[in-house]
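A closer look at the structure
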Amino acid sequence: MDLASAHAQPSWSDSAEWSGDGIRRSVFYFGSPGSLLYGSMYAAEAPRSGLGAVICPSWGFEVASQQNLGHSLGLRLAGLGGAALVFHPPGHGDSEGDPEEVSMETLASAASEAVAEARARAPAWTWVLAGVRLGAAVAALAAEAAGADLVLAIQPAFDPPVFLEELTRAARRTALVGANASSLVFGHVLPQTLIDSCNRADIGAALAGMEDRRAVVRFERPAGVWIPGGFEDLVVHGEWSPRDSEGLVGRASAWLSEQETRKR
Amino acid sequence: MTDHPALIRTSRGPIGVNVSVPDAPLLASAVFLEGGDGRRFGPNSLWTLIARDLAGLGVAVLRVDFPGAGDSMMARGDPRSDRDFLAETLQWFRIRTGPSPLLVIGSCLGARLACNIADREQDVDGVALIVPFLRATPGPVRRSLQRHGRLIGVRPGIRFDPHAIDALARVLTRTQVAVVIGEKDVSRGDLTPIGSRLGEGATRMRITVVDGVKLHFHQTRRAQEATRAWTSAWAQERLGDRART
């Protein structure tokens, strides 16, 4: 060790990685200046599974309320020898970008960028797409461009206009009982670009012709969730709640591990 | 301004943080402590935006995911009772900022942590409390009474976190404490009994009430804009002549 390195001041970036308990963690920004996206990676120190999953979050308030689901799944996959990348969509969380310019196209493009970043950082794994709620629709739209041959949809909202309608209605109900009458949806601007792009999003068409493997992991309640053709439907006993997603995380990670076994 | 995410090695496990660092020389450092949800970016990224605003003024701002949330998923501990994770994280931060005045900002439940941190740390140059919630975390009996007490005609009174109130009283002897709250916030009613507990020190606490709005949860555009503008103005005031505009 030379004198210069012995006396080096600690820097901000020297703690961007952590490892312990057989898991390697890293946090970083990726993408283009001005629209940098925040990424958080979980990876096994000794890879035992060949699959890594980029986990696409939902939109708006659900990015926050469901972020622990993504991190739990990432941690579980890394514990099983795999890897995962959790990222914040444009205009959300710690990512850059204008939330008023978000659309299904920008969300899908961010998902593709995340897959490319994951491949570059962790080439030992084959990277696939997983998505939570509206993130499932985003993952389906991004799959072809991202070159992901597997899509896992977690408690999916595959009908984006219905998703926005339900979320908006829930926000209005909350506003009625509180002092928060607002045009925002749980504190988030609902941009026209997102409404328009949700209206024209065709999830079935996006997946048509792709030779991928697909599954939905969802709670048995609420019933009547629309699922496009070609998805294996894996139902977990109980009712969906973002606060108690352990059942989804367990089933989702098990299915991803099974795919790796089948591939071998 | 550059955001530097990091995973801090603490005795409780890895704590995920993001530090917004000014490109120009550092004028002060700040720690931002969110509410009970433990998410460092806040509603509609409000805490992220505030951190970047302050970094633009020359302040390095630390935001922390609380144990069990987000990037701190692998860390153990309850932020309501275990403050060691924060002390160790702050130590990591202050080694990198070097000696500089420290601004402490707490929102909602984070105000309790902010009072404790401001009491323990050196060089604290100001404390900002956004919709402070300084009530004690109720135990199971009290929680049950709060839920069902009406049925048996028992209404438990408000109990404040004694550690946070004592810390706030000591902090007020050392530095300025500013509070912002919405006219429609429920916890606005807590300020009078808190003032009584603080005695003469309460006169040194500067309170701003935003008319006609509820700030808690920051669900409206007006609430978000009011808190963002207030925090920025407060930081500029603390920096005084050193502030970059």
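Residues numbered from 1 in each chain as written. Chains lettered and ligands numbered in written order. Predicted model: local features only at pLDDT ≥ 70, side-chain atom pairs only at ≥ 80, totals over all residues. Heavy atoms only, no water.

So, helix 4 (residues 104–121) of chain A
The following threshold applies: Only DSSP runs of H or I reaching four residues or more are called helices, and only runs of E reaching two or more are called strands; each is numbered from the N terminus. Multiplying one less than the number of residues by 1.5 Å gives the expected span of a helix. Each residue is assigned to one of three classes by its accessible area relative to the maximum for its type, calculated with a 1.4 Å probe on protein chains only: buried under 20%, partly exposed between the two thresholds, exposed over 50%.
The terminal C-alpha atoms of helix 4 of chain A lie 26 Å apart, and with 18 residues this matches the ideal 26 Å at 1.5 Å per residue to within 8%. Among all positions of helix 4 of chain A, only A:M104, A:L107, A:A108, A:A110, A:A111, A:S112, A:A114, A:V115, A:E117 and A:A118 are buried.

Digging into the confidence of the model for chain B
We apply this condition: Confidence of the predictor in every single residue is expressed as pLDDT, which spans 0 to 100.
Considering every residue of chain B, the mean pLDDT works out to 92; 98% of them sit at 70 or more. Scoring of the predicted complex yields 0.93 for pTM and 0.92 for ipTM.

Considerations on the sheet that holds strand 5 (residues 83–87) of chain A
All names here are of chain A. Convention followed: For two strands to be treated as a pair, DSSP must find at least two bridges joining them. Fitted lines through C-alpha atoms serve as axes, helices being fitted only where they are in contact, and the angles separating the N-to-C directions of these axes extend from 0 to 180 degrees.
An order of 1-2-3-5-4-6-7-8-9 is seen for the nine strands of this open sheet, with the pairing classed as mixed. In this open sheet, the two edge strands, each paired with only one partner strand, are strand 1 (17–20) and strand 9 (232–239). Each strand of the sheet is rotated relative to its neighbour by a mean of 20 degrees, with strand direction disregarded. Sheet analysis places strand 2 (residues 23–30) next to strand 3 (residues 37–44), joined by eight bridges and oriented antiparallel.

A short note on the environment of A:P99
Residue and element names in this part refer to chain A. Basically, it comes down to this: By definition in these notes, contact holds between two residues if any of their heavy atoms fall within 4.5 Å.
Position of P99 among the secondary structure elements: in the loop between strand 5 and helix 4. Overall, P99 belongs to the partly exposed group, its relative accessible area being 25%. In the structure, P99 is positioned 95 residues away from L194 in sequence and 9.7 Å away in space, judged by C-alpha atoms. Apart from the residues lying within four places of it in its own chain, the contact partners of P99 are G91 and P191.

Some details on the nonpolar core
Our working rule: Definition of nonpolar core: a set of buried residues of the types Ala, Val, Leu, Ile, Met, Phe, Trp, Tyr and Cys, connected through side-chain atoms within 4.5 Å.
In terms of nonpolar packing, the biggest core is built from 54 residues, with A:V54, A:W59, A:W127, A:L129 and A:F158 touching the most fellow members. Considering each element in turn, this core owes the most residues, nine residues, to helix 5 (residues 134–146) of chain A. Contact partners of A:L129, with chain neighbours within four places excluded, come to A:V54, A:C56, A:A111, A:V115, A:A139, A:A142, A:A143, A:A146, A:A148, A:L150, A:V151 and A:L152. Core analysis: the next-biggest nonpolar cluster, separate from the first, contains 44 residues, B:I8, B:L33, B:C115 and B:I117 among them.

Looking at the sheet that holds strand 2 (residues 13–21) of chain B
Residue and element names in this part refer to chain B. Strands sit in the order 1-2-4-3-5-6-7-8 across an open sheet of eight strands; the sheet is mixed. A strand with exactly one partner marks an edge of an open sheet, and here the two such strands are strand 1 (2–10) and strand 8 (205–210). The mean angle between the axes of side-by-side strands here comes to 20 degrees, regardless of whether they run parallel or antiparallel. Here strand 3 (residues 28–33) runs beside strand 5 (residues 102–107); their pairing, made up of five bridges, is parallel. From the neighbouring strand, V31 faces strand 5, where its bridge partner is V104.

Details of helix 7 (residues 192–200) of chain A
Residues and elements named next belong to chain A. For clarity, the cut-off: Regarding the arc, it is the one traced by the directions from the helix axis to the C-beta atoms.
Along helix 7, the residues that are buried comprise L194, S197 and C198. Projected down its long axis, helix 7 carries its buried residues within an arc of 105 degrees, all on one side. In helix 7, the exposed residues that point more than 90 degrees away from the buried face are N199 and R200.

Observations regarding the interface of chain B and chain A
Under the convention used in this document: Buried area counts how much accessible surface, traced with a 1.4 Å probe, disappears from two parts once they are put together, with both parts' losses summed. A side-chain nitrogen of Lys or Arg and a carboxyl oxygen of Asp or Glu constitute a salt bridge if their distance falls within 4 Å. The term polar contact refers here to a pair of N or O atoms within 3.5 Å; inside protein, the definition further demands a hydrogen-donor-capable atom paired with an acceptor-capable atom, and it admits residues adjacent in sequence only when both atoms are side-chain atoms. Asp, Glu, Lys and Arg are counted as charged, while Ala, Val, Leu, Ile, Met, Phe, Trp, Tyr, Cys and Pro are counted as nonpolar; the rest, among them Gly, fall into the polar class.
Across the contact, 38 residues belong to chain B and 45 residues belong to chain A. Approximately 3,500 Å² of surface area, both sides summed, lies buried where chain B meets chain A, with 55% of it carried by carbon and sulfur atoms. Among the residues of chain B in contact with chain A, B:L7, B:M74 and B:Q219 are the three that bury the most area, contributing 20% of the side total. On the surface where chain B and chain A come into contact, there are five salt bridges. Here chain B is connected to chain A by 26 residue pairs in polar contact (both at pLDDT 80 or more). Going through the elements one at a time, strand 1, strand 2, helix 1 (46–57), helix 2 (84–97) and helix 7 (221–239) of chain B are the ones with two or more residues in the side of chain B that touches chain A. Top element by residues in the side of chain B that touches chain A is strand 1 of chain B. It accounts for seven residues. Class assignment for the residues of the side of chain B that touches chain A results in 14 nonpolar, 13 polar and eleven charged.

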